[in-house]
Amino acid sequence: MTKTVIIGSNHAGIAAGNVLLDKYEGQEVVMIERNSNFSYLSCGTALWVGRQIDEDEVPGLFYTNREDFEAKGAKVYLETAVDSIDFEKKEVHCVTSDGSEFVESYDKLVIATGSKPISPKVPGRELKNITFMKKYAEGEFIDGILDSDEIQNVAVIGAGYIGVEMAEAVKRRGKNVLLFDAMDRSLPSYYDREFTDAMDKNLADNGVELHLGELVQEYKGTDKVEAVVTANGEYQVDLVVNAIGFLPNSELGKDHLQVYKNGAYLVNRHQRTNDPDVYAVGDCATVYSNALQDTTYIALATNAVRTGMVAGENIGGAAVASPGVQGSNGISIFGYNMVSTGYSVEAAERHGLVVKYTDFEDTQKPGFMKKNDKVKIRIVYEATTRRIVGAQIASTTSEISMAIHMFSLAIERGVTVDELALLDLFFLPHFNQPYNYINKAALAAE
């Protein structure tokens, strides 16, 4: 009997626990979670707040529960914090919400503590009505307070995925939205300017007040926040949602386990740390990027699930190595869709890759088709090897989402842009053109 303690029960911890309990015999699994619930799909918070899903569908944002795991034989602790880990004695020291303390021993340990939101260290950050939007309770707070007529002007700090999605959600609730970011464009981590310019226009056209290139310097107010201050001026607001980004939550093991340059636990392709009995998964750990062909950090729910599965397989006894990740992602705002995988030109160069790119824009289907959307694509490839290292696609049609999965596999398998040019892609007017936009983009590569 192998006893595995899993600290944290969101996507990565859930995946590790499921593999151990569903596939392997002789497994004792203990799950420890500091919140009152687990498996929350926080990516659905904006849909909930923006009323794009009905209130009775909100429970669906939790895709499993304590009872499911206990039925499979797991021991589950909720509202329980891990105070410390004794790696030599292989003990996890825990504190419950009522102050009770206990110790759980382990044979194998999975750290799935995720990430923590970045909090801007600016004056006034202790004022009321300033919140993050990672946990379910934070989503509840935002959803509830937007019902108040006292909340009319909402500042969203950070124009990454979460911030842009929240800006849309708040606007859908009939409030004035001010979107701030220190960068001069939205979504700079995944897309080049030629794509983000279109998203910025989309946001502005739908009534989001953009304050890009403005770093927040101060929050003002007496009891509650009343204003946001930047170098450009002072803006009256009633609510602030911080969505600047996240850092790995690696406090528990940082003095014992090796960490990456940003503090994430450094793991191998089996999710094992430098301590052979300790695994780290999800947003608190590194991943292997196939585009970069090296270790890096990419915090995404899909990566968390895969890393959890890999850890579970290895603890169970199988020698399973991670195939690596591409960082595939997508966003849909006011009907405008953008998807990407791998690196943009800007991100590739920032990571030391010498790249070229090829662009193409056309309607998705032949001109005689009535329902037809323009599609814009960019393929990024390494200048010397010509292997594909990234792709970006934008359109008002959601059908582009499946194309990015193909590019993800292409990056994983080392496909070159020249091989993609002659890839066998079927044609039917209902779906695409005789010369597919993917082939055309690849054919245009230098």
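Cut-offs and rules
Residues numbered from 1 in each chain as written. Predicted model: local features only at pLDDT ≥ 70, side-chain atom pairs only at ≥ 80, totals over all residues. Heavy atoms only, no water. Salt bridge = Lys/Arg side-chain N within 4 Å of Asp/Glu carboxyl O. Helix = DSSP H or I, 4+ residues; strand = E, 2+ residues; numbered from the N terminus. Buried < 20%, exposed > 50% of the residue type's maximum accessible area, 1.4 Å probe, protein only. UniProt positions renumbered as here; feature names shortened; annotations may be inferred. Contact = heavy atoms within 4.5 Å. Expected span 1.5 Å × (residues − 1). Pairing = 2+ DSSP bridges. Axes fitted to C-alpha atoms, helices over the stretch in contact; angles between N-to-C directions. Polar contact = N/O pair within 3.5 Å; in protein donor to acceptor, adjacent residues only side chain to side chain. 1 Å grid on protein atoms, 1.4 Å probe; cavity = no way out; pocket = protein on both sides within 12 Å on 5 of 7 lines; lining within 4 Å. Points joined across faces, edges and corners; volume = space filled by probe spheres on them. Nonpolar A, V, L, I, M, F, W, Y, C, P; charged D, E, K, R; others polar. Left-handed = near helix turned anticlockwise from the far one by under 90°. Patch = residues over 30% accessible without salt bridge, like charges linked within 9 Å, V, L, I, M, F, W, Y side chains within 5 Å. Areas by Shrake-Rupley, 256 points an atom, 1.4 Å probe, with all protein chains shown as cover.

Participant: What is the right way to read the pattern of salt bridges from this model?
Facilitator: It is possible for side chains of opposite charge to pair when their charged atoms get near one another. Summed over all chains, the structure comprises 28 salt bridges. A salt bridge links Arg378 to Glu194; the nearest nitrogen and oxygen atoms lie 3.3 Å apart. Here Arg378 is found in strand E24 (residues 374–382), whereas its partner Glu194 is found in helix H6 (residues 193–205), with 184 residues between them in sequence. Since its relative accessible area comes to 2%, Arg378 is described here as buried.

Participant: Quick question: what am I supposed to make of the UniProt feature "domain: FAD/NAD(P)-binding" (unreviewed entry) in the protein chain here?
Facilitator: UniProt tags residues 3–308 as "domain: FAD/NAD(P)-binding" (unreviewed entry). Taken end to end, residues 3–308 is 22% helix and 29% strand, and its first and last C-alpha atoms sit 16 Å apart.

Participant: Mind showing me how you'd approach the environment of Ala291 here?
Facilitator: Looking at where Ala291 falls in the secondary structure, it is placed in the loop between strand E19 (287–289) and strand E20 (294–296). Judged by relative accessible area, Ala291 falls into the buried class, the value being 1%. Ala291 sits 271 residues away from Leu20 along the chain, and the two C-alpha atoms are 30 Å apart. In this structure, Ala291 is in contact with Gly342, Tyr343, Leu353, Arg387, Val389 and Ile411, ignoring residues within four places of it in sequence.

Participant: Would you mind going over unusual backbone geometry with me for this structure?
Facilitator: Trans is the prevailing form of peptide bonds, just as negative phi is the prevailing case for residues other than glycine. Positive phi, normally seen in glycine, also occurs at Ser39, with a value near 70 degrees. Of the residues examined, Ser39 reaches a relative accessible area of 0% and is grouped as buried. Positive phi outside glycine occurs at Asn129, with the angle close to 65 degrees. Locating Asn129 in the fold gives a position in the loop between strand E8 (115–117) and strand E9 (130–131).

Participant: It is not clear to me how helix H1 (residues 11–23) should be interpreted in this structure. Could you clarify?
Facilitator: Each turn of an α-helix holds 3.6 residues, which means side chains three or four residues apart point in the same direction. Between its terminal C-alpha atoms H1 stretches 18 Å, which fits the 18 Å expected from 13 residues at 1.5 Å a residue. By the criterion of burial, H1 is predominantly enclosed, with 10 of the 13 residues buried. Summarising the contacts, the buried residues of H1 are in contact with strand E1 (2–7), strand E2 (27–32), helix H3 (66–71), strand E7 (108–111) and helix H7 (301–316).

Participant: What should I look at first to understand the UniProt feature "domain: Pyridine nucleotide-disulphide oxidoreductase dimerisation" (unreviewed entry) in the protein chain in this one?
Facilitator: Annotation from UniProt places "domain: Pyridine nucleotide-disulphide oxidoreductase dimerisation" (unreviewed entry) at residues 335–432. The distance separating the terminal C-alpha atoms of residues 335–432 is 20 Å; by composition the span is 26% helix and 34% strand.

Participant: Before we go on, may I ask you to explain the sheet that holds strand E6 (residues 101–105) in this structure?
Facilitator: With antiparallel pairing, 3 strands are arranged side by side in an open sheet as E4-E5-E6. Sheet topology places strand E4 (80–86) and E6 at the edges, where each strand pairs with a single neighbour. Averaged over all pairs of adjacent strands, the angle between their axes in this sheet comes to 30 degrees, without regard to strand direction.

Participant: Please clarify how the pairing of strand E21 (residues 329–333) should be interpreted in this entry.
Facilitator: Along any regular strand the residues' side chains alternate between the sheet's two faces. The alternating pattern of E21 places Asn329, Ile331 and Ile333 on a buried face and Gly330 and Ser332 on a face that is not buried. With 5 bridges joining them, E21 and strand E22 (residues 336–342) adopt antiparallel strand pairing. Opposite Ile331, over in E22, you have Met338 as the bridge partner. The antiparallel hairpin formed by E21 and E22 contains 2 residues in its connecting segment, where Phe334 sits at a positive phi of about 50 degrees.

Participant: Would you mind going over the pairing of strand E16 (residues 239–242) with me for this structure?
Facilitator: Because side chains alternate across E16, one face comprises the buried residues Leu239 and Val241, and the other comprises Val240 and Asn242, equally buried. Where E9 and E16 come together, 2 bridges link them in parallel fashion. Within E16, the residue paired with Thr131 across the bridge is Val241. For strand E10 (residues 153–157) and E16, the ladder comprises 4 bridges, and the chain directions are parallel. Paired with Ala155 across the strands is Val240, a residue of E16.

Participant: What exactly am I supposed to notice about the side chain of Ser344 here?
Facilitator: Topologically, Ser344 is positioned in the loop between E22 and helix H8 (345–350). Only 3.1 Å separates the side chain of Ser344 from the backbone nitrogen of Ala347, close enough to count as a polar contact. With sequence-adjacent residues up to four places away left out, Ser344 is seen in contact with Tyr190, Tyr191, Asp192, Val380 and Gln392.

Participant: Could you clarify how one ought to interpret the side chain of Asn129 in this entry?
Facilitator: Classification of Asn129 by relative accessible area gives buried; the value is 13%. At a separation of 3.3 Å, a polar atom in the side chain of Asn129 contacts the main-chain carbonyl oxygen of Asp238. Aside from chain neighbours lying at most four places away, what touches Asn129 is Phe141, Ile145, Ile151, Lys224, Val225, Asp238, Leu239 and Val240.

Participant: Please clarify how the layout of surface pockets should be interpreted in this entry.
Facilitator: Empty space left among the atoms is revealed by rolling a probe the size of a water molecule over them. Of the volumes computed, that of the second largest pocket is approximately 340 Å³. If you go around the second largest pocket, the residues you meet are Gln364, Glu399, Met402, Ala403, Met406, Leu425, Phe426, Phe431, Asn432, Asn436, Tyr437 and Ile438. Contributions of two or more residues to the lining of the second largest pocket are made by helix H9 (400–413) and helix H11 (437–443). Tallying contributions element by element places H9 first for the lining of the second largest pocket, with 3 residues. Residue composition of the lining of the second largest pocket, grouped by class: 8 nonpolar, 3 polar and 1 charged.

Participant: In this structure, what is going on with the packing of H1 against H7? I would like to understand it.
Facilitator: Describing two packed helices takes the angle between their axes plus the distance from one axis to the other. At a minimum axis separation of 7 Å, H1 and H7 run at an interaxial angle of 35 degrees. Handedness of the H1/H7 crossing: right-handed. The residues of H7 that touch H1, namely those facing His11, Ala12, Ala15, Ala16, Val19, Leu20 and Lys23, are Ala301, Ala304, Val305, Thr307, Gly308, Met309, Gly312, Glu313, Ile315 and Gly316. Split into classes, the residues belonging to the contact of H1 with H7 amount to 10 nonpolar, 5 polar and 2 charged.

Participant: Can you walk me through a nonpolar patch on the surface in this structure?
Facilitator: A cluster of nonpolar side chains, namely Leu422, Tyr435 and Leu443, defines an oily patch on the protein surface of about 400 Å² accessible area. Following the sequence through the fold, Leu422 ends up in the loop between helix H10 (417–421) and H11.

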